[in-house]
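# Inside the fold
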Amino acid sequence: MLSAVIRKGPGKKQKTPLKISTHRIRTPIGHLVGFAEKEGICGLFFFDEDQILSNDLHEKFDGEVEIIKGEDKNLQNLEIQLDEYFQHKRKHFDLPLALKGTLFQQEIWSLLLQIPYGTVISYKKLSDLWGDPKAIRAVAAANGANPVSILVPCHRVIGADGSMTGYAGGIWRKQWLLDHEKDQLRLNL
């Protein structure tokens, strides 16, 4: 089971740089870049070769960031578990998370962690689960602000009409991940 450490929300710039380690991970759907601080994984983003990663770090982590050189146990475990996920050997991740966001975002991300592997729900259903059926747009925005792709399964949220709406890694990756999970469920029948 994933555990999460709550961080202060956006708007309050940190006074000292956040010390993070980073590691690029090759997957069947492109490179992912993992970030970890001492408490756990704090970011996992798709990275296309034409992007310059450092441009986004200050925005993603809401302040100054200092990259630490060397090996990180959490990032090593992340790579192993992602490899197992992509090989149909893992349905659940067991990694510490250090997610930074508002209380509302944290609540939505916690709900995302409860969506069973291989299933989807709508943004409307997610807002219903949160307790306000009219908060669909806010819930969708919090879903889109998820800093940890795949581990916090925001890809399992779709439009009420079944459409593949919004995914930072690209709609084609969202569809690939959903198909991948459905294939795993068929293999286990």
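Everything numeric here is computed off the predicted structure, so don't read it as measured data. (Residues numbered from 1 in each chain as written. Predicted model: local features only at pLDDT ≥ 70, side-chain atom pairs only at ≥ 80, totals over all residues. Heavy atoms only, no water.)

Another point: the overall build of the protein. The number of helices and strands found in the protein is 6 helices and 8 strands. When its helices and strands are written in sequence order, the protein yields β-β-β-β-α-β-α-β-α-β-α-α-β-α. Counting contacts in the protein only where the partners sit at least 6 residues apart, residues at least 24 apart contribute 64% of the total. (Helix = DSSP H or I, 4+ residues; strand = E, 2+ residues; numbered from the N terminus. Contact = heavy atoms within 4.5 Å.)

Let us now look at the environment of I80. Within the secondary structure, I80 sits in helix α2 (residues 73-86). Under the relative-accessibility criterion, I80 is labelled partly exposed at 47%. Measuring from C-alpha to C-alpha, the distance between I80 and I25 comes to 9.8 Å, with 55 residues separating the pair along the chain. (Buried < 20%, exposed > 50% of the residue type's maximum accessible area, 1.4 Å probe, protein only.)

Here we take up the pairing of strand β3 (residues 30-37). Counted residue by residue, β3 has 7 buried out of 8 residues, so it is predominantly covered. Relative to β3, strand β2 (residues 18-27) runs antiparallel, the two sharing 7 bridges. Paired with T27 across the bridge in β3 is G30. Between β2 and β3, which pair antiparallel in sequence order, lie 2 residues. Summarising the sheet, β3 and strand β4 (residues 40-47) pair through 7 bridges and their orientation is antiparallel. (Pairing = 2+ DSSP bridges.)

On to the side chain of H180. Note on placement: H180 falls in helix α6 (residues 171-187). Polar side-chain contacts of H180 include one of 2.7 Å to the backbone oxygen of Y85. The contact partners of H180, leaving out residues within four places of it in the chain, are Y85, F86, H88 and Y117. (Polar contact = N/O pair within 3.5 Å; in protein donor to acceptor, adjacent residues only side chain to side chain.)

With that settled, consider the confidence of the model for the protein. Scored by pLDDT, the protein comes out at a mean of 85, with 81% of its residues at no less than 70. When mean pLDDT is compared element by element in the protein, α2 scores highest at 97, while strand β1 (residues 3-4) scores lowest at 45. The model gives residues 1-11 a pLDDT under 50, and that stretch makes 38 contacts with residues more than four places away or in other chains. (pLDDT = per-residue confidence, 0-100.)

Before going further, it helps to spend a moment on the packing of aromatic side chains. Using the criterion set out here, one finds 7 aromatic pairs in the structure. Measuring from ring centre to ring centre gives 5.2 Å for Y85 and F86, while their planes differ by 80°; the resulting arrangement is edge-to-face. Neither Y85 nor F86 differs from the other in exposure class; each is buried. With 6.3 Å between their ring centres and 80° between their planes, Y85 and Y117 make a pair best called edge-to-face. Of this pair, Y85 sits in helix α2 while Y117 sits in the loop between α3 (103-112) and β7 (121-122), placing them 32 residues apart in sequence. The exposure classification of Y85 matches that of Y117, with both residues buried. (Phe/Tyr/Trp six-rings, centres within 6.5 Å; stacked < 30°, edge-to-face > 60°.)

Evaluated as defined, the whole model comprises 4 salt bridges. A salt bridge links R90 to E84, with the shortest nitrogen-to-oxygen separation between them at 2.8 Å. Of the residues examined, E84 reaches a relative accessible area of 25% and is grouped as partly exposed. The partner of R156 in a salt bridge is E181, and the shortest N-O contact between them spans 2.9 Å. Pair noted here: R156 is in the loop between α5 (136-144) and β8 (157-158) and E181 is in helix α6, with a separation of 25 residues, a long-range link. (Salt bridge = Lys/Arg side-chain N within 4 Å of Asp/Glu carboxyl O.)

By size, the foremost hydrophobic cluster in this structure holds 36 residues, and its most contacted members are L78, L82, I150 and L151. Contributions of two or more residues to this core are made by β3, β4, α2, α3, α4 (123-130) and α5. The greatest single-element share of this core, amounting to 5 residues, is contributed by α2. Residues L18, V33, F45 and V65 belong to the second largest nonpolar core, which totals 9 residues. (Core = buried A, V, L, I, M, F, W, Y, C linked by side-chain atoms within 4.5 Å.)

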